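# Structural characterization, general
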Amino acid sequence: MKKVTILSFLAALLMCGCHKNTFTISGTIEDGAGKMLYLEELAPEGTIFIDSIPINSKGQFKYRYKMPYRSLYNLHTTADNYIVTLPDYGEHLKVTGQWNNLSLTYDIQGSPESILLWQLQQYTNDGAEILNQLIDTTEHYAQLYFDKKVGEEVVLEKKDYTDSIYRETFQEQQDYVCRFIEENQGSLATLIALYKPFNNRLLIDTRDPNSIDYYDLVLEGLQERMPDNPHTLHFKNTTEHLRSALSRQ
């Protein structure tokens with residue numbers, strides 16, 4: 001009896017040893033039955049393909065990966081339809097969403113820092129929706145003017161309105177990512193926030209001398225929490241290069 005207990009204990013230790021540096025990601029993708037997901041690492045030097053993940057006939061998938069270090073992982077259906085996750089060791093991420101619109105419909109559980117990124121993405125999605133509405137409005141009034149159904153003064157008035165909404169939305173998005181960085185120092189999620197764009201324009205613009213303050217905040221947090229992580233070491237060089245470039249302006 002004692003021998004069986006010792007063997008069971010050793011087996012449990014081996015299992016823990018095998019899984020201590022891994023994370024598991026699983027879930028259900030609507031309309032994804034029989035298709036393939038792709039997992040990539042967003043490594044400091046660029047994107048690294050990890051594996052293809054088959055989705056079964058019920059739309060379900062499951063995959064375990066051993067991380068060499070804490071990093072960001074991109075799960076996607078197509079190149080422009082993806083989600084970014086930030087798993088910790090031993091976590092089991094559970095993802096749901098729609099195959100054709102994963103980035104806009106996904107939900108994630110089981111990973112606090114991946115949920116942080118989900119919250120950041122939701123706010124980004126809200127801003128993108130407002131931007132699309134402004135574009136639709138602008139195009140609609142341009143067509144009305146082309147068809148001679150409204151005069152130029154109406155178009156200019158509407159342009160002033162959409163421009164003001166755009167500026168307000170940009171400022172709200174910018175304020176959000178700045179707060180996100182301040183409130184989540186030490187998380188790799190701050191790297192994603194730092195490079196968030198709005199309408200193809202970086203919310204924290206490196207041409208602005210004040211941008212270095214947020215680069216410093218990100219770096220300070222990463223150095224305190226994970227000083228030897230490859231992301232931290234690479235970002236230190238990035239920050240030093242930005243500081244040097246700004247000093248020459």
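Heads up: these notes are all about the structure in this document. The residue count restarts for each chain, going from 1 along the sequence in the order it is written. Only residues with pLDDT of at least 70 get local features here, since the model is predicted, and only at 80 or more are side-chain atom pairs given and counted; chain-wide, interface and lining totals rely on the full set of residues. Just so you know, side-chain values use all the structure's heavy atoms and leave hydrogens and water out.

### What to know about the pairing of strand β4 (residues 60-66)
Alternating residues of β4 divide into Phe-61, Tyr-63 and Tyr-65, all buried, and Gln-60, Lys-62, Arg-64 and Lys-66, none buried. Any two strands between which DSSP finds at least two bridges are classified as paired. Helix and strand definitions here come from DSSP, where helices need a minimum of 4 consecutive H or I residues and strands a minimum of 2 consecutive E residues; each element is numbered from the N-terminal end. Direction of pairing for strand β1 (residues 22-30) relative to β4: antiparallel, over a ladder of seven bridges. Along β4, the bridge assignment pairs Thr-22 with Lys-66. Partly exposed describes any residue whose relative accessible area lies between the buried limit of under 20% and the exposed limit of over 50%, with all areas from a 1.4 Å probe on protein chains only and scaled to the type maximum.

### Some details on the sheet that holds strand β6 (residues 81-85)
With respect to topology, four strands assemble into an open sheet ordered β3-β2-β5-β6, the strand pairing being antiparallel. In this open sheet, the two edge strands, each paired with only one partner strand, are β3 (46-54) and β6. Sheet twist, expressed as the mean angle between neighbouring strand axes with direction ignored, is 25°. In this analysis an axis means a line fitted to C-alpha atoms, helices contributing only their contacting stretch, and an angle means the value between N-to-C directions, from 0 to 180 degrees.

### Some thoughts on the environment of Ser-52
Within the secondary structure, Ser-52 is located in strand β3. A contact between two residues is defined here by any heavy atoms of the two lying within 4.5 Å. Not counting residues up to four positions away in its chain, the partners in contact with Ser-52 are Met-36, Leu-37 and Tyr-38.

### A word on the pattern of salt bridges
Salt-bridge detection follows one rule: a side-chain nitrogen of Lys or Arg within 4 Å of a carboxyl oxygen of Asp or Glu. Scanning the model with the defined rule gives six salt bridges in all. Arg-70 is the salt-bridge partner of Glu-113, the closest N and O atoms lying 3.1 Å from each other. Placement of Glu-113 in helix α3 (residues 112-146) and of Arg-70 in the loop between β4 and β5 (72-78) is noted, with a sequence separation of 43 residues between them. Neither residue differs from the other here; Glu-113 and Arg-70 are each classed as buried. For Asp-163, the salt bridge identified is with Lys-159, shortest N-O distance 2.7 Å. Taken together, the residues span about one helical turn, with Asp-163 and Lys-159 both in helix α4 (residues 152-183) at a distance of four residues. When its relative accessible area of 27% is taken as the criterion, Asp-163 is described as partly exposed. A network of salt bridges, in which partner residues are shared, links Arg-70, Asp-88, Glu-113 and Arg-225.

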